[in-house]
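# Examining the three-dimensional arrangement
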Amino acid sequence: MSELVRFSVAVPEDLLVQFDTLVARRGIAKNRSEVIRDLVRDALVNEEWDDPMQEIVGTLTLVFNHHSSDLQSKLDQLQHNHHEQIISSMHIHLDAHNCLEVIVLKGRSDNIRQLAESILGVKGVKHGQLSTTTTGKFL
Ligand code: NI
């Protein structure tokens, strides 16, 4: 981690009051500086994802009924076709019918978004969400 640098920021008082409420919600381990650093990193991660050529990491969570026609084989086929971008996955049998899968994806952000949309677009997927994060090398 590089050296810490202090800087001052001017903000409207009511915005600062709301910010301090956010800081308090994050618990005693986080102070104003820590939360500002978190927010800056969030903004930088969003920028990484906005650059289609940038290598990023994300997780895709999906819930589906494994009895749905050929859903499982379609999901398997998609994942095998993109094995370079899928670095890990976890399958949980939620109950007699429903499965939850968490897929860790790494690659160019445009390819990862497209792959996530393809997986979520398989008929029978009940719910899913792509969570975007970072390899960390720019932070
Ligand atoms: Ni299952």
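Given the structure is predicted, the values throughout are model-derived calculations rather than measurements.

## A short note on helix H3 (residues 71–81)
Looking only at H3, the buried set comprises Leu-71, Leu-75, Leu-78 and Gln-79. The arc that holds the buried residues of H3, viewed along the axis, is 95°, so those residues lie on one side. Each element contacted by the buried residues of H3 is listed here: strand E1 (55–65), strand E2 (86–93), strand E3 (98–108), helix H4 (109–120) and strand E4 (125–133).

## Describing the domain arrangement of the protein
Taken domain by domain, the protein comprises domain 1 (13–50) and domain 2 (55–134). At the junction of the two partners, domain 1 supplies four residues and domain 2 supplies eleven residues. Overall, the association of domain 1 and domain 2 removes approximately 600 Å² of surface from exposure, summing both partners, and the carbon and sulfur fraction of that is 58%. Looking only at domain 1, the three residues that lose the most surface to domain 2 are Val-45, Glu-48 and Trp-49, adding up to 95% of its buried area. Where domain 1 packs against domain 2, one counts three residue pairs in polar contact (both at pLDDT 80 or more). Grouping the amino acids of the side of domain 1 that touches domain 2 by side-chain chemistry returns two nonpolar, no polar and two charged.

Procedures and definitions
Residues numbered from 1 in each chain as written. Predicted model: local features only at pLDDT ≥ 70, side-chain atom pairs only at ≥ 80, totals over all residues. Heavy atoms only, no water. Buried < 20%, exposed > 50% of the residue type's maximum accessible area, 1.4 Å probe, protein only. Helix = DSSP H or I, 4+ residues; strand = E, 2+ residues; numbered from the N terminus. Arc of directions from axis to C-beta. Contact = heavy atoms within 4.5 Å. Domains from an automatic or database assignment. Buried area = accessible area lost by both parts, 1.4 Å probe. Polar contact = N/O pair within 3.5 Å; in protein donor to acceptor, adjacent residues only side chain to side chain. Nonpolar A, V, L, I, M, F, W, Y, C, P; charged D, E, K, R; others polar.

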